[in-house]
Amino acid sequence: MINKEVIKPINYLLEKQASDLKNKLAFSDQNEDITYKQLNFETANLAKYFKEFNINTGDSIAIILPNSVDWIVSCFSILRLGCVVVPISFDSTFSEIEYKILDASCKLIITSAKFKKQLDAFIAKQSLSIEIIYTEDIENDGNHLKAIRTKQKNDNSIHDENIDLPGYILYTSGTTGQPKGVVLTSRSMLWIVASCCMPIIGLNKKDLVLSPLPLFHSYALNLCVLGILASGATEYLLERFSPRMIFQQSEKHPYTLLPGVPTMFHYLLATAKKEKLKINNINRCVSAGAIMPLQLNKEFEDFFKIELLDGYGITETSTFVTMNWPGKNRIMGSCGLALPGLGVRIINPENNKDASINQEGELICRGPNVMQGYHNKPEETKKVLKDGWYYTGDLAKQDENGYLTITGRLKEIIIRGGQNISPTEVEEAILKNEKVLDCAVVGLPHDQLGEIPGAFVILKEGYKLDVKNIIDECKKIISDYKVPEKIIETGTIPRTGSGKTMRYKLIQSYKDN
């Protein structure tokens, strides 16, 4: 059930797949393709080049690039040398980039000329010793990323790295406050590939994966980077999500697997219904990163006739904790069963005792996929890692067959006059309204009740806001005290790279207005 044979050093996996699969296509983007043989050759070259910058085992290297083959080669090269990958979103503000570079003590940055002026000024101001490799040939000296990748290095001193040492610092996209750097190992990441991506999702070397996921996020890094290498599959990387691009690509090539987050599937369904489009060839979709609404899951499968498997996970657990297995026995609306080999409990957060069947409580877990801790934040680490268990802060319940359903966040619970309200439950009710395309529910300040539920909604094209209709439809589904007292139309719902709603931004926008 667990494909333990893939839990090996990245160096070993690259050499093995190059030997076994040779000229089989590994990754491609809109600009280039790379085979498994080339991938092994180029990542070895780049890893050896890092040594010329006096980069040593354990040093941190940042990748600030869009989804691309360049990103993939950079990542594997860093890991081959036993260094730490620090992926940073290419769409980050420069203040966000500065924070992560300093926090992770990066010795090298691989990026685009887009950031050259800001990086030069930042490095000079901070008096830092940081080397930079650009994708463009800025100095006209041939020392840009593509040239370095393909330049043969005679030094053969690349050895299997220790997969139990830190290999990744992934910054939680953060729904509140400054992001925390989650320290993960290749063992913890590959354990997810071995226990979930391959046996449950069914990722294998016959797959042709179409991925719109941002590579800097743990979900993509696991399934769409490490998972592809370990399984020997082939993947096309979209630079960013676009519903029309998904439909266009599915017409061009026989893709078999489409990973995404709930928001992506939401917009795919809306676009397909409006323009009468179909997804060709793809036989399964996978969702994680945020809670999949039951209604969306049903409508997507009914319309496309494709299984949409929902899972639950977080960066601190190397992505997945639970996953729905394919087939008719899964319970739609749940996030599936705990992964093989992973311990999961639902506890009462007030006394830490195990909750009863179908009783809501905090989900805690332990297993080889759990993070080593938060980088440079021992006190924050102690708050969530206790006696080997990771306390997720997510509320959940488990039925008699072990299926888990995420019901909300401990800190996101809206307390209306002493009554607890889950934003997720209210969102589920609102999304059943045929006029609503997307929504987010937050707790808004109230003088008497402390908080009241407020809903930010995006309407489907052709509809106008009808507050009474939304409220009346909600009252058919949820208790009156849970029904939003404020309905606010908006053009966008702010979300993190993994699809989690940044509720604090909505609350702040409400206060500002």
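Residues numbered from 1 in each chain as written. Predicted model: local features only at pLDDT ≥ 70, side-chain atom pairs only at ≥ 80, totals over all residues. Heavy atoms only, no water.

Visitor: Honestly, unusual backbone geometry in this entry has me stumped. Any pointers?
Guide: If a residue is not glycine, its phi is most likely negative; likewise, a peptide bond is most likely trans. With a phi close to 50°, Lys22 is a non-glycine residue in the positive phi region. When you line up the elements, Lys22 lands in the loop between helix 1 (10-21) and strand 1 (25-28). With a phi angle near 60°, Asn376 is a residue other than glycine that sits in the positive phi range. As for its position among the elements, Asn376 is in the loop between strand 18 (373-374) and helix 12 (378-384). The class for Asn376 is exposed, based on a relative accessible area of 55%. (Helix = DSSP H or I, 4+ residues; strand = E, 2+ residues; numbered from the N terminus. Buried < 20%, exposed > 50% of the residue type's maximum accessible area, 1.4 Å probe, protein only.)

Visitor: Teacher, can you tell me more about the nonpolar core here?
Guide: Within soluble globular proteins, side chains that are nonpolar tend to cluster in buried spots. Counting 95 residues, the largest nonpolar core has Phe27, Phe50, Phe76 and Leu363 as its most contacted members. When residues of this core are assigned to their parent elements, the largest contribution, 10 residues, is made by helix 8 (residues 218-231). Apart from residues lying up to four places away in sequence, Phe76 is in contact with Ile10, Leu14, Phe27, Leu39, Thr43, Val225, Leu226 and Leu229. The next biggest cluster of nonpolar side chains, apart from the first, holds 23 residues, and it includes Ala62, Ile64, Ile101 and Tyr171. (Core = buried A, V, L, I, M, F, W, Y, C linked by side-chain atoms within 4.5 Å. Contact = heavy atoms within 4.5 Å.)

Visitor: Looking at this structure, I do not really get the packing of helix 10 (residues 262-275) against helix 11 (residues 294-304). What am I missing?
Guide: How two helices sit against one another is set out by the angle between their axes and by the gap between those axes. At their nearest, the axes of helix 10 and helix 11 sit 10 Å apart, and the two run at 45° to each other. Classified by the interaxial angle, the pair formed by helix 10 and helix 11 is oblique. Remark: the crossing between helix 10 and helix 11 carries left-handed chirality. Counted together, Pro262, Phe265, His266, Leu268, Leu269, Ala272 and Lys273 of helix 10 and Leu296, Glu299, Phe300, Phe303 and Phe304 of helix 11 form the full contact between these two elements. Along the lines of polarity and charge, the residues of the contact of helix 10 with helix 11 split into nine nonpolar, one polar and two charged. (Axes fitted to C-alpha atoms, helices over the stretch in contact; angles between N-to-C directions. Parallel < 35°, antiparallel > 145°, perpendicular 65-115°, else oblique. Left-handed = near helix turned anticlockwise from the far one by under 90°. Nonpolar A, V, L, I, M, F, W, Y, C, P; charged D, E, K, R; others polar.)

Visitor: It is not clear to me how the environment of Asn222 should be interpreted in this structure. Could you clarify?
Guide: One can find Asn222 in helix 8. When the C-alpha positions of Asn222 and Met189 are compared, they lie 6.2 Å apart, and in sequence the two are 33 residues distant. Each residue touching Asn222, except ones within four places of it in the same chain, is listed here: Met189, Ile192, Val193, Gly227, Ser318 and Thr319.

Visitor: Mind showing me how you'd approach the pattern of salt bridges here?
Guide: Under the defined criterion, the tally for this structure stands at 26 salt bridges. Ionic pairing is found between Arg149 and Glu42, a salt bridge with its closest N-O pair at 2.6 Å. One end of the pair, Arg149, is in helix 6 (residues 145-150); the other, Glu42, is in helix 2 (residues 36-50), and 107 residues separate them in sequence. You'll find Arg149 and Glu42 in the same group, each marked buried. A salt bridge links Glu485 to Arg416, with the nearest nitrogen and oxygen atoms 2.9 Å apart. On the criterion of sequence distance, the pair formed by Glu485 in the loop between helix 14 (467-475) and strand 26 (486-489) and Arg416 in strand 22 (residues 414-416) is long-range, its members being 69 residues apart. Three or more residues are tied together by salt bridges with common partners; here these are Glu32, Glu42, Asp70, Lys146 and Arg149. (Salt bridge = Lys/Arg side-chain N within 4 Å of Asp/Glu carboxyl O.)

Visitor: Where do I start with the side chain of Ser211 in this structure?
Guide: Mapped onto the fold, Ser211 is located in strand 9 (residues 208-211). For Ser211, a relative accessible area of 0% translates into the label buried. Within the structure, the side chain of Ser211 is placed 3.3 Å from the backbone nitrogen of Leu213, a separation counted as a polar contact. Beyond its immediate stretch of four places on either side in the chain, Ser211 contacts Cys224, Glu235, Tyr236, Leu237, Leu238 and Pro259. (Polar contact = N/O pair within 3.5 Å; in protein donor to acceptor, adjacent residues only side chain to side chain.)

Visitor: It is not clear to me how the pairing of strand 8 (residues 181-185) should be interpreted in this structure. Could you clarify?
Guide: A regular strand carries its side chains on alternate faces of the sheet. With five of five residues buried, strand 8 lies mostly within the body of the structure. The alternating pattern of strand 8 places Gly181, Val183 and Thr185 on one face and Val182 and Leu184 on the opposite face, and all of these are buried. In this sheet, strand 8 lies alongside strand 7 (residues 166-171) in antiparallel orientation, the contact comprising five bridges. Counted as the bridge partner of Tyr171 is Gly181 from strand 8. Pairing of strand 8 with strand 18 involves two bridges; the strand directions are antiparallel. Across the sheet, the residue bridging to Val183 is Gly373, located in strand 18. (Pairing = 2+ DSSP bridges.)

Visitor: Is there a simple way to explain the packing of aromatic side chains in this structure?
Guide: Describing an aromatic ring pair means giving the distance of the ring centres and the angle of the ring planes. Scanning the model with the defined rule gives 11 aromatic pairs in all. When the centroid spacing of 6.0 Å and the interplanar angle of 85° are considered together, the rings of Phe94 and Phe122 count as edge-to-face. Residue Phe94 is found in helix 4 (residues 94-103), and its partner Phe122 is found in helix 5 (residues 116-126); the two are separated by 28 residues along the sequence. The residues Phe94 and Phe122 share a single accessibility class, namely buried. (Phe/Tyr/Trp six-rings, centres within 6.5 Å; stacked < 30°, edge-to-face > 60°.)

Visitor: Explain helix 5 to me, please; I cannot follow it from the model alone.
Guide: Within helix 5 the residues assigned to the buried category are Leu119, Phe122 and Ile123. Buried residues along helix 5 cover an arc of 95° about the axis, so they all sit on one side. Exposed side chains of helix 5 directed beyond 90 degrees from the buried face belong to Lys117, Ala124 and Lys125. On its buried side, helix 5 packs onto helix 4, strand 5 (106-111) and strand 6 (131-134). (Arc of directions from axis to C-beta.)

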